[in-house]
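Each chain, letter by letter, is given below.
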Amino acid sequence: MRILRDSDFFHSDQHAFCLFTMNNQLMEGVHGHEFDELVIVRDGSGFHIVNDIVHFICKGDFFIVTKNDTHSYVSTNHLSVINILIRRNHNFHFLQHIDTLLQCVKTQLQSRNDRTLTSRALANIEAWSDQIVSRNENDYDALYFSQCEAAFLNVINTLCQCGRQTEVLNAEERGQASLIRTLKSNSLRQLDWGALSDESGVARRTMFRFIKRITGYTPVRFQMLFRVLKAQELLRTTDKTVSEIAARCGFMNGIRLTESYRRYFNYSPTHERELHSRVLTRI
């Protein structure tokens, strides 16, 4: 497994954090790193798999990956992210108690699964991030670190305030937000697309176009992909039988799961367990 090193990303040994943006993040294999990473999704979507647990991510989402975690990105669709890398064993020049603030961010993430930044909050974070990226000095003086750390503190404070922010949404925006919440939390059950269209107040054809634009897949294909990836998660993290996993992930039976699994991964669920067992043995 690839490990990302401090020396490949941080500008100097004086830096406790660094920030960079990635546009059109491609699929990224399983890897770890020597630092903690705070990720904010600016646009697009994809599946983020951390410690074998799968999450669908899209614009406004944010999450923390620690140096003890492993993660990967799969099936990305124009995914653009802000990456903030943090070295816990380095002191900031002017900020203190960063661990307390980062714990606040973690608490926000644990309190609700649909924690998402408003458009205004995300725009502010992008502006502060641009301030940090635009500082390209080679002579890192006190003013450089004070301005970068001030912008960083604004980003963290905004994440800590997520959920307390209010933003007036029109009917279309409310409907789209409802659709995204449903895709994240209910894709393992059989969705009634007609009922979902009525519930969200979005015409069925418009709803299908929206889901295709956000995910890169038709609603049915997206749901199938989510189920297969969730089945992979359960194969790696539980000792449930293939039939039990099939039922849990919305497949009619183990045979249907195996067929879909082979189509996506080119090998069977049983082989998945064998491969994962070998990886754990090497670790």
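These remarks concern the structure in this document. (Residues numbered from 1 in each chain as written. Predicted model: local features only at pLDDT ≥ 70, side-chain atom pairs only at ≥ 80, totals over all residues. Heavy atoms only, no water.)

As for the pairing of strand β4 (residues 36–50)
To keep it simple, the criterion reads: Partly exposed describes any residue whose relative accessible area lies between the buried limit of under 20% and the exposed limit of over 50%, with all areas from a 1.4 Å probe on protein chains only and scaled to the type maximum. Here a helix means four or more residues in a row that DSSP labels H or I, a strand means two or more in a row labelled E, and each is numbered from the N terminus. In this scheme, strands are said to pair when DSSP sees at least two bridges between them.
In terms of burial, β4 is a largely internal element, 13 of the 15 residues being buried. Alignment of β4 against strand β7 (residues 71–86), held across twelve bridges, turns out to be antiparallel. When the bridges of β7 are listed, F47 appears paired with V74. Sheet analysis places β4 next to strand β6 (residues 62–65), joined by four bridges and oriented antiparallel. In the sheet register, V39 faces β6, and the bridge partner there is F63. The loop that links β4 with its antiparallel partner strand β5 (residues 53–58) comprises two residues; one of these, N51, has a positive phi angle of about 50°.

Notes on the side chain of N77
Heads up, the condition is: Throughout this description, a polar contact denotes any pair of N or O atoms lying within 3.5 Å of each other; where both atoms belong to protein, one of them has to be capable of donating a hydrogen while the other can accept it, and for residues adjacent in sequence the pair is counted only when both atoms sit in side chains. Contacts: residue pairs with any heavy atoms within 4.5 Å of one another.
In this structure, N77 sits in strand β7. A polar atom in the side chain of N77 sits 3.1 Å from the backbone oxygen of R213. Contacts of N77, omitting those with residues within four sequence positions, involve G44, S45, R213, I214, T215 and G216.

Let's talk about the packing of helix α1 (residues 98–111) against helix α3 (residues 142–160)
So the rule is basically this: Angles here are taken between N-to-C directions and fall from 0 to 180 degrees, while the axes themselves are lines fitted to C-alpha atoms, restricted in helices to the stretch in contact. If you view the pair so one helix is near and one far, a crossing is left-handed when the near helix is turned anticlockwise from the far one by less than a right angle, and right-handed when it is turned clockwise. Three categories are distinguished: nonpolar for Ala, Val, Leu, Ile, Met, Phe, Trp, Tyr, Cys and Pro, charged for Asp, Glu, Lys and Arg, and polar for the others, with Gly belonging to the last.
Running from N to C, α1 and α3 point in directions that differ by 35°, and their axes come no closer than 8 Å. Considering only the axes of α1 and α3, their crossing is left-handed. Contact residues: α1 offers I98, L101, L102, C104, V105 and Q108, while α3 offers F152, L153, I156, N157, L159 and C160. Along the lines of polarity and charge, the residues of the contact of α1 with α3 split into ten nonpolar, two polar and no charged.

Digging into a nonpolar patch on the surface
What counts, and what does not: Here the term patch refers to residues with relative accessible area over 30% and no salt bridge, with like charges joined within 9 Å and nonpolar side chains (Val, Leu, Ile, Met, Phe, Trp, Tyr) within 5 Å. Using a 1.4 Å probe, accessible areas were evaluated by the Shrake-Rupley method; residue-level cover was limited to the displayed protein chains. Should a side-chain nitrogen of Lys or Arg be within 4 Å of a carboxyl oxygen of Asp or Glu, the pair is scored as a salt bridge.
Residues M1, I3 and V30 make up a contiguous nonpolar surface patch of roughly 280 Å² in combined accessible area. Relative to the helices and strands, I3 resides in strand β1 (residues 2–4).

Overview of helix α4 (residues 171–186)
As a reminder of what qualifies: One less than the number of residues in a helix, times 1.5 Å, gives the span that helix is expected to have.
Taking 1.5 Å per residue, 16 residues should reach 22 Å; α4 reaches 22 Å between its end C-alpha atoms and fits that length. Residues G175, Q176, S178, L179, I180, T182 and L183 constitute the buried set of α4. Buried-residue contacts for α4 involve β5, α5 (193–200), α6 (204–215) and α7 (219–237).

Let's talk about the environment of R227
Mapped onto the elements, R227 comes out in helix α7. Placed 38 residues apart in sequence, R227 and R189 show a C-alpha to C-alpha distance of 9.1 Å. Looking at R227, its side chain comes within polar contact range of the main-chain oxygen of R189, at 3.1 Å.

Describing the packing of α7 against helix α9 (residues 254–265)
Heads up, the condition is: Any angle that is under 35 degrees is reported as roughly parallel, and any over 145 degrees as roughly antiparallel; angles of 65 to 115 degrees are reported as roughly perpendicular and all others as oblique.
Remark: α7 packs on α9, axes separated minimally by 10 Å, with the N-to-C direction vectors making an angle of 100°. Put simply, α7 runs roughly perpendicular to α9. Residues M224, L225, V228, L229, A231, Q232 and L235 of α7 form the contact with α9, whose participating residues are L257, S260, Y261, Y264 and F265. Grouping the amino acids of the contact of α7 with α9 by side-chain chemistry returns ten nonpolar, two polar and no charged.

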